[in-house]
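# Report on the structure
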Amino acid sequence: MGALRRLRRELIVAALMLGLPLLLLTLVRELFVLQVLTFVFIFAIYAQSWNLAAHSGQFSLGHATFLGLGSYASIIAASRLGLAPAVALFVGPILPALAGFAIGALCRRLREAYFGMVTFGCTAIVQVLVVEQFGWLTNRWDGLDAPRLAPEGLPVERVAVLNYVISLALMVATYLVVAAIIRSRIGLAFVAIHDNETVAAAAGVSVVRYRLLAMGVAGYIGGVAGALNGHTLTRHISPGVFGLEDSIWPVLYSIAGGLGTPEGPILGTLLVRVFWEWALRRIGGFDSLILIGLMLALVVTALPRGIYPVFARATAALGARLTPNSVKQP
Amino acid sequence: MSLLAVRRVSKRFGGLQALSEIDFDIGPGEIVGLIGPNGAGKSTLINAVTGVYPPDAGTIHFDGHELTGLAADRIARLGVGRTFQIPQPFGSLSCLENVVVGLLFAGKVASVEAAAAEARAILEFVGLGDKAALAPGSLTIVDLRKLELARALGTGARLLLLDEINTGLTAAEITEAIRLIERVKQRGTAILMVEHLVRVIMGACERIIVLDFGRKIAEGTPDEIARDPAVIRAYLGGQKGGGDAGR
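Keep in mind it's a predicted model, so treat the numbers as computed, not measured.

## Brief notes about the overall build of chain A
Along its length, chain A carries 16 helices and two strands. Relative to the globule expectation of 20 Å for 330 residues, the C-alpha radius of gyration of chain A, 20 Å, shows essentially globular dimensions. The dimensions of chain A, computed from C-alpha atoms along their principal axes, are 55 × 50 × 45 Å. A total of 330 residues make up chain A; the buried ones form 51% of that total. Once local pairs closer than 6 in sequence are excluded, the contacts in chain A between residues at least 24 apart make up 79%. As presented, chain A carries roughly 15,300 Å² of accessible surface, and 70% of it is formed by carbon and sulfur atoms.

Take a look at the structure:
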């Protein structure tokens, strides 16, 4: 009961997060719009994973490891072991969760830029492992085709709607899981470690254990995003996933949205991605890259804590008028 | 039966012998001072006991447990609390949450709600009752020291190691701090306090240990220490002069 009361605000936010896109679905059926938003939902899950690790002071620059391994493991579980994609989606991410523990253990004494460098290096190692050592399973550089999540025989429009709804539901579920973790004693340990490991240990926090926990959960969540992406949007996975780009995106989404909050990564992914898609259509590839760089520079200089705090203040003012006895967040 | 037993503890940093063969005991509920000139090894000794820098040689026992080789968080959970010389609050947490962390993870309080209630009582006790919701970044140095103490108290420690908790405070603030430390002692907590200000420690402690260049050069009651020729030499003969000792 206590946990539910503590999460009352998050439950309201989750209801809105679920309700508004479903409402939109009744108004808009344009395939392109649905696909962009599905992408936003999936990558918001991915950003959520990065944000959780960062919450415990672990700023990963190799998060593509989790995205890629989740995708590969889920696709292989579906096509080789015959699992339904809807099941493989949750079984596959066990592999990146284990990778999260392993990388966390390898980096347990590292912080900040050093942690980032080693996690980045791990992605390169994993890519080589996937292509060379496990080439017989992964079809090397050609990659694997992914069985689709939607049942066979469904028309394209219905598939797009189904992918949209499932990705949305998983994004909201991830949001609630991450919010519950952040608001619990585990989240308190993460922040204590983030702020100062020596003092956290002096206060009795098992620093290494909680750091590993954060990386394991982040690995699982990042893996779900990768698996979902493979079974819905890309329908294919290749070793290119372990490149720099997919490691950088969640950092940008999270920083733009606001670090350390479970809402920030979602808002950041939505804004950056929608802006990006708009810029691509209107301006074209290279110029829009410049534009997005400028936008991010603007966000971090004008709003170093991201867009979410501004957004939260606005909604809190609204919320205070709706619920006079609302509990103030610590 | 001593609560803390330190035997022949040594620690070397590169070419510097920071601690050599330190021996001492602290009994339950006792308040002991640890003094010495700058660089004598006082903070290193605290770091050795709390597992931040494990000693190279020697043993440390606390309440029947061997601490040597244990991780810092494990030592905290066994009941050894500490404050840091430079206050190091968790900057992203409120004052209340700073204390809650210690209560939850070392103080063995089961729920966040129960810990919050207890943290409030501890903040009252140290005189920060009205600052529970504030971020530590907005506190003065005195209040930051009180917050350090509150977090350490939250761990439920039976032995508290206070590292220069009075440095930088005014005379009036020191008097207040000493009164607070005496109230902590009355709760049955043993205290080892590192102090630069000899006058402060002479008044507050039952027994004093003096370090110089990583060695224990004296141990005794405040009166004995004040008359000890080795102590006088360490304080008056060193480059630091007697400025600190006279304050």
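## Side note on the overall build of chain B
Scanning chain B from terminus to terminus reveals 10 helices and 10 strands. Its C-alpha atoms give chain B a radius of gyration of 18 Å, near enough to 18 Å, the size a compact globule of 247 residues would have. Taken along its principal axes, the extent of the C-alpha atoms in chain B is 55 × 40 × 35 Å. For chain B, buried positions account for 55% of its 247 residues. Intrachain contacts of chain B at a sequence separation of at least 6 include 65% that bridge at least 24 residues.

## Overview of the pairing of strand β10 (residues 215-220) of chain B
Residues and elements named next belong to chain B. Of the strand pairs in this sheet, strand β9 (residues 207-212) and β10 are connected by five bridges, and their pairing is antiparallel. Residue pairing across strands places I208 opposite G220, the latter belonging to β10. A loop of two residues connects β9 with β10, the two strands running antiparallel in sequence, and F213 in this loop sits at a positive phi of about 50°.

## Some words on the pattern of salt bridges
Tallied over the full model, the rule gives 20 salt bridges over all chains. Of the charged contacts, one joins K131 of chain B and D143 of chain B as a salt bridge, the two residues approaching to 3.2 Å between their closest N and O atoms. With a gap of 12 residues between them, K131 of chain B in the loop between α4 (112-126) and α5 (141-154) and D143 of chain B in helix α5 connect regions that are remote in the sequence. For D143 of chain B, a relative accessible area of 10% corresponds to the buried category. Through salt bridges that share partners, R9, E10, R183 and E263 of chain A make up one connected network.

## So, the nonpolar core
Membership of the largest hydrophobic core comes to 134 residues, with the highest contact counts inside it found for M171 of chain A together with V101, L149, L160 and M193 of chain B. At 12 residues, helix α3 (residues 31-55) of chain A tops the list of elements feeding residues into this core. Counting contributing residues, this core receives three or more from each of domain 1 (1-79 + 158-247) and domain 2 (89-155) of chain B. Setting aside its immediate chain neighbours within four residues, L160 of chain B contacts G81, R82, L149, A152, L153, V184, T189, A190, I191 and L192 of chain B. V6, L19, I26 and L161 of chain B belong to the second largest nonpolar core, which has 28 residues in total.

## A short note on the interface of chain A and chain B
With 22 residues of chain A in contact, the opposing surface of chain B contributes 25 residues. Taken together, the two surfaces of chain A and chain B that pack against each other cover about 1,900 Å², and 67% of this comes from carbon and sulfur. On the surface where chain A and chain B come into contact, there are zero salt bridges. Between chain A and chain B we count five residue pairs in polar contact (both at pLDDT 80 or more) in total. Counted by class, the side of chain A that touches chain B contains 13 nonpolar, six polar and three charged residues.

## Quick notes on the sheet that holds strand β6 (residues 80-82) of chain B
Pairing between the strands of a sheet is mediated by backbone hydrogen bonds and can be parallel or antiparallel. All names here are of chain B. The strand order β6-β7-β8-β3-β9-β10 describes an open sheet built from six strands, whose pairing is mixed. With partners counted over all chains shown, the strands left at the sheet margins are β6 and β10, one partner each. This sheet shows a mean twist of 20° between the axes of neighbouring strands, independent of strand direction. As paired strands, strand β3 (residues 31-35) and strand β8 (residues 190-194) are joined by four bridges and run parallel to one another. Counted as the bridge partner of L34 is V194 from β8. Strand contacts of helix α1 (residues 42-49): β3, β6, β7 (159-163), β8 and β9, with the helix running at about 150° to β7, the strand carrying the most contacts. This element, helix α6 (residues 171-186), spans β3, β7 and β8 of the sheet and lies at about 150° to β8.

## Regarding the environment of G187 of chain A
Secondary-structure assignment places G187 of chain A in helix α10 (residues 185-195). Separated by 27 residues in sequence, G187 of chain A and A160 of chain A place their C-alpha atoms 36 Å apart.

## Observations regarding the sheet that holds strand β4 (residues 57-62) of chain B
Residue and element names in this part refer to chain B. On the basis of which strands lie adjacent, the open sheet formed by four strands has the order β2-β1-β4-β5 and antiparallel pairing. Each edge of the open sheet carries a strand with a single partner, namely β2 (16-26) and β5 (65-66). With two bridges connecting them, β4 and β5 associate as antiparallel partners. Within β5, the position partnered with H61 by the bridge is E66. Running over the sheet, α1 touches β1 (4-13), β2 and β4 and is turned about 65° from β2.

## Let's talk about helix α3 (residues 95-105) of chain B
With respect to burial, α3 of chain B is a largely interior element, 11 of its 11 residues being buried. In this fold, the buried residues of α3 of chain B make contact with α10 and α12 (207-234) of chain A together with α2 (72-78), α4 and α5 of chain B.

## A word on the confidence of the model for chain A
Here chain A averages 91 in pLDDT, and 96% of its residues register 70 or above. When pLDDT is averaged over each element of chain A, helix α6 (residues 94-106) of chain A comes out on top at 98 and helix α1 (residues 2-6) of chain A at the bottom at 65.

## Focus on a nonpolar patch on the surface
Residues and elements named next belong to chain A. Among the surface-exposed residues, V87, V91, I94, L98 and F101 lie close enough to one another that they form a single nonpolar patch of about 410 Å² accessible area. Among the elements of the structure, α5 (85-91) and α6 are those that each provide at least two residues to the nonpolar patch. The element contributing the most residues to the nonpolar patch is α6, with three residues. Among the secondary structure elements, I94 is positioned in helix α6.

## Observations regarding unusual backbone geometry
In this model, N139 of chain A sits at a positive phi of 60°, which is unusual for a non-glycine residue. Looking at the element boundaries, N139 of chain A is found in the loop between α8 (135-138) and β1 (144-145). Take N139 of chain A: its relative accessible area is 40%, and that puts it in the partly exposed class. Of note, E164 of chain B is a non-glycine position whose phi angle comes to about 50°, a positive value. Here E164 of chain B is to be found in the loop between β7 and α6.

Analysis parameters
- Residues numbered from 1 in each chain as written.
- Chains lettered and ligands numbered in written order.
- Predicted model: local features only at pLDDT ≥ 70, side-chain atom pairs only at ≥ 80, totals over all residues.
- Heavy atoms only, no water.
- Helix = DSSP H or I, 4+ residues; strand = E, 2+ residues; numbered from the N terminus.
- Rg over C-alpha atoms; globule rule 2.2 N^0.38 Å.
- Buried < 20%, exposed > 50% of the residue type's maximum accessible area, 1.4 Å probe, protein only.
- Contact = heavy atoms within 4.5 Å.
- Areas by Shrake-Rupley, 256 points an atom, 1.4 Å probe, with all protein chains shown as cover.
- Pairing = 2+ DSSP bridges.
- Salt bridge = Lys/Arg side-chain N within 4 Å of Asp/Glu carboxyl O.
- Core = buried A, V, L, I, M, F, W, Y, C linked by side-chain atoms within 4.5 Å.
- Domains from an automatic or database assignment.
- Buried area = accessible area lost by both parts, 1.4 Å probe.
- Polar contact = N/O pair within 3.5 Å; in protein donor to acceptor, adjacent residues only side chain to side chain.
- Nonpolar A, V, L, I, M, F, W, Y, C, P; charged D, E, K, R; others polar.
- Axes fitted to C-alpha atoms, helices over the stretch in contact; angles between N-to-C directions.
- pLDDT = per-residue confidence, 0-100.
- Patch = residues over 30% accessible without salt bridge, like charges linked within 9 Å, V, L, I, M, F, W, Y side chains within 5 Å.

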